[in-house]
Amino acid sequence: MNYLVANWKSFKSLDKSLGWLETFKGMGKTDVEVVVCPPFPYLRLMNEKVDEWRLPFSLGVQDISPFPFGAYTGAIAAEMVKDWVKYAIVGHSERRRYFHETHQEVANKVDMCLESEIIPIVCVDEPYATQQVAAIPQKSLKKCLIAYEPLDAIGTGAPDDPEHAKEVIKRIRLKSDNEVPVLYGGSVTSANISEFVNDEVSDGALVGGASMRADEWRMMIEVFRR
Ligand code: PGA
């Protein structure tokens, strides 16, 4: 299966998010697992709208607490969102960088997701990809998706060289006994997605900036039509 994951980060108002979603009304089945990760406060309403408008999208949360329910002020436990999301992005490089998340915390987040039957999308980057993957126990890793996102490709308009992405993704696949889907992320657009998502390179794309424009998103979904 291929995956197309939208990461809206801390962008978009609620109105704009619902407006984006509404443009896909009547879209019908897709040939790719489409996952939309809006800001946390919109999840519940977006989940209702996805059902009401019968959209072929799954929702994901952009981060999750490394702890269960408890005295952890401000934290969003996996149990709180499990009815609204199928996926959770964990260990995005912006979380690792600005919120100082460690490999171990990311591994704990993976555990929390799995306990609540949420599929973790674990983001890794160079040059630490191998260690970041190794921090997650094999048994858990096999229930995850991994997204390789080179730091200097994120939000820059300068994606990785597909040949280089292919090498790194191959290395990551080996670490997980070739059992885990590996996505590519970093400046993916409708114009370059097919260089990264094909049998040679990866199992899908994690898309930031370009996912926020409905027309771009529609074109990316179309790339997967058989
Ligand atoms: P970008 O972001 O597509 O805007 O480069 C990707 C990401 O941060 O997941």
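Look up: the structure comes first, before these words.
Residues numbered from 1 in each chain as written. Predicted model: local features only at pLDDT ≥ 70, side-chain atom pairs only at ≥ 80, totals over all residues. Heavy atoms only, no water.

Asker: Can you break down the packing of aromatic side chains residue by residue, with the values?
Answerer: As enumerated under the stated definition, the model contains eight aromatic pairs in all. Look at Phe67 and Tyr72: their rings are 4.1 Å apart centre to centre, the planes differ by 5°, and that puts the pair in the stacked class. Taking relative accessible area as the criterion, Phe67 reaches 38% and is therefore assigned partly exposed. With centroids separated by 4.1 Å and ring planes inclined at 10°, the aromatic side chains of Tyr184 and Phe196 adopt a geometry described as stacked. Within this pair, whereas Tyr184 is found in strand E7 (residues 182-185), its partner Phe196 is found in helix H9 (residues 193-196), the two being separated by 12 residues in sequence. By relative accessible area, which is 0% here, Tyr184 ends up buried. Since its relative accessible area comes to 1%, Phe196 is described here as buried. In textbook terms, an aromatic cluster arises when at least three aromatic residues are bridged by ring pairs, as seen for Trp8, Trp20, Phe24, Phe57 and Trp217. Stacked on the ring of Trp8, the Lys or Arg Lys12 has its end atom at 5.1 Å from the ring centre. A cation over a ring is seen here: Arg95 above Phe99, with NZ or CZ 3.8 Å from the ring centre. (Phe/Tyr/Trp six-rings, centres within 6.5 Å; stacked < 30°, edge-to-face > 60°. Buried < 20%, exposed > 50% of the residue type's maximum accessible area, 1.4 Å probe, protein only. Helix = DSSP H or I, 4+ residues; strand = E, 2+ residues; numbered from the N terminus. Lys NZ or Arg CZ within 6 Å of the ring centre and 35° of its normal.)

Asker: Run through the layout of surface pockets, naming residues and quoting values.
Answerer: The gaps of empty space that remain are located by a probe, the size of a water molecule, rolled over the atoms. In this structure, the largest pocket spans a volume of roughly 520 Å³. Among the secondary structure elements, those contributing two or more residues to the lining of the largest pocket are helix H4 (93-98) and helix H5 (103-115). The dominant element in the lining of the largest pocket, judged by the number of residues it contributes, is H4, at three residues. Of the residues belonging to the lining of the largest pocket, the class tally is 12 nonpolar, six polar and seven charged. The calculated volume of the second largest pocket comes to roughly 250 Å³. Considering the residues around the second largest pocket, the lining is formed by 21 residues, among which Gly155, Ser187, Gly208, Gly209 and Ala210 are closest to the centre. Classifying every residue of the lining of the second largest pocket gives eight nonpolar, 10 polar and three charged. (1 Å grid on protein atoms, 1.4 Å probe; cavity = no way out; pocket = protein on both sides within 12 Å on 5 of 7 lines; lining within 4 Å. Points joined across faces, edges and corners; volume = space filled by probe spheres on them. Nonpolar A, V, L, I, M, F, W, Y, C, P; charged D, E, K, R; others polar.)

Asker: Go over unusual backbone geometry with me, naming the residues and quoting the values.
Answerer: Excluding glycine, a negative phi dihedral is what most residues carry, and trans is how most peptide bonds are arranged. Cis peptide bonds are those with omega within 30 degrees of zero, and the linkage from Glu126 to Pro127 qualifies with 5°. Take Pro127: it is sitting in the loop between strand E5 (119-124) and helix H6 (129-134). A positive phi angle, near 60°, is found at Glu117, a position not held by glycine. Within the secondary structure layout, Glu117 lies in the loop between H5 and E5. Non-glycine residue Ser187 carries a positive phi angle of around 60°. With respect to the helices and strands, the residue Ser187 is situated in the loop between E7 and H9.

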